[in-house]
Amino acid sequence: MTRRIVRTICQLAALTVVSIVVVYFLDNRFRVLPSALHNVMPTHHPGLIITDITVTTCSRVNVFSSCKLDADVWHRIEKDLYLGSGWVSSAYVHIKRKKEEELKADDKVVVDVKVGRLDPSNGQKGEENERWESRPAGLWLKRSAKRRASDSSKAITAVDVLFGADAVDPRNGWETVGTGLLLDTAGEGQEARLSIRRGKPTTPPKTVPRINEHGKFKIMQVADLHLSTGTGKCRDEMPVGYNGGKCEADPRTLDFVRKLLDEEKPDLVILSGDQVNGETAPDAQSAIFKYADLFIERKIPYASIFGNHDDEGSLPRAQQMALIESLPYSLSTAGPEDIDGVGNYYVEVLSRGGSKHSALTIYLLDTHAYSPDERSFKGYDWLKKNQIDWFTKTAKGLKKAHEGYTHIHMDLAFIHIPLPEYNDPDLPRKGEWREGVTAPGFNSGFRDALVKEGVVMVSCGHDHANEYCGLSKNENGSPALWMCYAGGVGFGGYGGYGGYHRRVRFFEIDMNEARINTYKRVEYGEVDKRIDEQIIVEGGKAAPLR
């Protein structure tokens, strides 16, 4: 009796599996299931399917030209392909898109995109029987009218526009089309390139930073990348005449960062502002994607804050942060909406193993841009009272949770614009002070708040040629807080000041001893040396200068 029951169950299970496979096959080819069931099938693409792509060009001197198509049929990607640099012309990419269930029998689905002057099927092996459709600006589409085409892994479900010969798209499932659109543009900086996504969107991978099994953790601070749209132009490059005098800012900057990522293998990257050189980045998205691609490719988590130049181009801070938040391995977040700035937040670095206790807390705050009161306080803006109150409240609230950590918990902070206390010539310091400290004229008291809450180190960027760590002391003369500069890394930003070489600062943290060791690596000269290596924290407290 028992054997018969088991046999019957096995037969029913086998029949169920076969039925599911058959239904899946039939639905994939002939769409036999109702939408409510089809939509949950693995190959279904929720959302929209691209059915056509075109480019429109219009001229301000031709009143009959238009860059607008029927909005009920076409969606325009709101990026002028000339980036506003055309004397009289503008151009835009338009896409047709439909929900899968709205596709009609005569609708075609875009399954491939190429750009070129010739039909891609000409002379290409395996393409002789493929039909490519021509569109303006050298755009070629391969479209399929087969019923199951919308479920194909080749179906294109989203289109974007990036700019520059060095454009990359680090988002999951996205790829740049190999050649820039064929427009009448002057210079590669305006080279518009399509980026496409196939299939359904995926959740970007995130990671929780954690102390390694040896109790160590390494932070790489990348300050002042100053990336452009396109390859950019070098400023104050050293040495003069390097590489035959040909210096492209962004490739040289990113090659340097790439080299250090591979050699130093940091556990976390802090981007401390001015990643984007707003003046030369009319498409900030393209600049952001270039630096993010380095970390995403290596699966290294990164956290960013803004400087005074990031939002001087095409995107305000809130939109940039929303974009950065959506990228793989990004730990960045906009922070509370009820306080000043975008990007006031903290990152917890967990203890080794599977522990859920925090070993390090890293505070990141937005230091804004230019003074809101130039008459009284010239120069740069300052951290606002509600930001400092948020920091103080957050730090106090986290202290109880940190009591569960079995070693000494440490708090660090990163900002872009230096605090007024950096501008003290009597500070014990290690490293070069090459230029004036461009701190805010108004002191809002953030240094005192950091010391009161036990933060042992704060590091900034902004003044590219300054790269010292200075020790701020308590009233009794004991060490209170190390205040470091990273030194600027980007060739798109200024250098100069006595032959300054671009550099990056590292923080090696040993939780076994509650010790922080810091040093810099340079792009030219003593490229393998740890410059100005020093211990700044010992036993969880700011250490005296040695």
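Q: Is there a simple way to explain the sheet that holds strand E5 (residues 133-135) in this structure?
A: Spatially, the three strands line up as an open sheet ordered E4-E6-E5, and their pairing is antiparallel. Looking at strand neighbours, the two that pair on one side only are strand E4 (109-115) and E5, the edges of this open sheet. For this sheet, the mean angle separating the axes of adjacent strands, direction not counted, is 30°.

Q: Even after reading the chapter, I still don't get the nonpolar core, so can you show me in this structure?
A: Within soluble globular proteins, side chains that are nonpolar generally end up buried alongside one another. If you look at the biggest cluster of nonpolar residues, it comprises 38 residues, and the most contacted ones within it are Met-220, Val-269, Tyr-291, Phe-295 and Tyr-302. Elements represented by at least two residues in this core include exactly strand E10 (216-222), helix H3 (249-264), strand E11 (268-272), helix H4 (284-298), helix H5 (317-325) and strand E20 (503-510). Examining the composition of this core, we find that nine residues originate from one element, H4, more than from any other. Setting aside chain neighbours within four positions, we find Tyr-302 in contact with Leu-268, Val-269, Leu-271, Ala-292, Phe-295, Ile-296, Leu-327, Pro-328, Tyr-329, Ser-330, Leu-331 and Ser-332.

Q: When you look at helix H6 (residues 385-402) in this model, what are you seeing that I'm missing?
A: Turn by turn, an α-helix covers 3.6 residues, leaving residues three or four places apart pointing in a common direction. With 18 residues, H6 should reach 26 Å at 1.5 Å per residue; the first-to-last C-alpha distance of 25 Å fits that figure. Among all positions of H6, only Gln-387, Ile-388, Trp-390, Phe-391, Thr-392, Thr-394, Ala-395, Leu-398 and His-402 are buried. In this fold, the buried residues of H6 make contact with strand E13 (345-350), strand E14 (358-364), strand E15 (410-414), helix H7 (446-452) and strand E17 (455-460).

Q: For this particular structure, what's the right way to read the packing of aromatic side chains?
A: Two descriptors summarise a pair of aromatic rings, namely the distance from one centre to the other and the angle between the planes of the rings. All told, the structure shown has 15 aromatic pairs when counted by the stated rule. Taken together, a centroid distance of 6.4 Å and an interplanar angle of 50° make the contact between Tyr-291 and Phe-295 tilted. Of the two residues, Tyr-291 and Phe-295 both sit in helix H4, four residues apart, roughly one turn of that helix. Residue Tyr-291 is classed as buried on the basis of its relative accessible area of 1%.

Q: Would you mind going over the pattern of salt bridges with me for this structure?
A: Side-chain pairs of opposite charge can arise whenever the charged atoms involved come near each other. What the rule picks out here adds up to 41 salt bridges. Here Glu-523 ties to Arg-252 by a salt bridge, and the two come within 2.9 Å at their closest N and O atoms. Of the two residues, Glu-523 is situated in the loop between strand E21 (515-522) and strand E22 (531-538) and Arg-252 in helix H3; the sequence distance between them amounts to 271 residues. Two residues, Lys-384 and Asp-381, come together in a salt bridge whose shortest N-O distance is 2.6 Å. Judged by its relative accessible area of 18%, Lys-384 falls in the buried class. Each member of the salt-bridge network shares a partner with another, and the members are Lys-218, Lys-259, Glu-263, Glu-264, Glu-508, Arg-521, Arg-530 and Glu-533.

Q: Explain the state of the cysteines to me, please; I cannot follow it from the model alone.
A: Structurally, a disulfide amounts to a covalent bond that connects the sulfur atoms of two cysteines. Throughout the structure, instances matching the rule amount to three disulfides. Two residues share a disulfide in this structure: Cys-58 and Cys-67, whose sulfurs sit 2.0 Å from each other. In this structure, the disulfide formed by Cys-58 and Cys-67 twists by about -100° around the S-S bond and is classed as left-handed. For the residue pair Cys-58 and Cys-67, the accessibility class agrees, reading buried in each case. Across a sulfur-sulfur distance of 2.0 Å, Cys-469 and Cys-484 are joined as a disulfide pair. As the torsion about the S-S bond is roughly 110°, the Cys-469-Cys-484 disulfide counts as right-handed. In this pair, Cys-469 sits in strand E18 (residues 469-473) while Cys-484 sits in strand E19 (residues 479-485), placing the two residues 15 residues apart along the sequence. Its relative accessible area of 0% is what places Cys-469 among the buried residues.

Thresholds, definitions, all that
- Residue positions are given per chain, counted from 1 along the sequence in the order it is written.
- Local features in this predicted model are restricted to residues whose pLDDT is 70 or higher, and side-chain atom pairs enter the listing and the counts only when it is 80 or higher, whereas totals over whole chains, interfaces and linings include all residues.
- Derived side-chain values reflect all non-hydrogen atoms in the structure, with water molecules and hydrogen atoms excluded from consideration.
- Any two strands with at least two DSSP bridges between them are considered paired.
- Secondary structure elements are defined from DSSP: runs of H or I of at least 4 residues count as helices, runs of E of at least 2 residues count as strands, and each element is numbered from the N terminus.
- Angles shown run from 0 to 180 degrees and are taken between the N-to-C directions of axes, each axis being a line fitted to C-alpha atoms and, for helices, limited to the stretch in contact.
- To form a nonpolar core, buried Ala, Val, Leu, Ile, Met, Phe, Trp, Tyr and Cys residues must be joined to one another through side-chain atoms within 4.5 Å.
- In this scheme, a residue with accessible area under 20% of its type's maximum is buried, one over 50% is exposed, and one in between is partly exposed, where area comes from a 1.4 Å probe on protein chains only.
- Contacts: residue pairs with any heavy atoms within 4.5 Å of one another.
- Helix span is expected to be 1.5 Å times the residue number reduced by one.
- Aromatic contacts are taken between Phe, Tyr and Trp rings whose centres are within 6.5 Å, Trp giving its six-membered ring; a plane angle under 30 degrees counts as stacked, one over 60 as edge-to-face, and the others as tilted.
- One side-chain nitrogen of Lys or Arg within 4 Å of one carboxyl oxygen of Asp or Glu is enough to make a salt bridge.
- Only a pair of cysteine sulfur atoms within 2.5 Å qualifies as a disulfide here.

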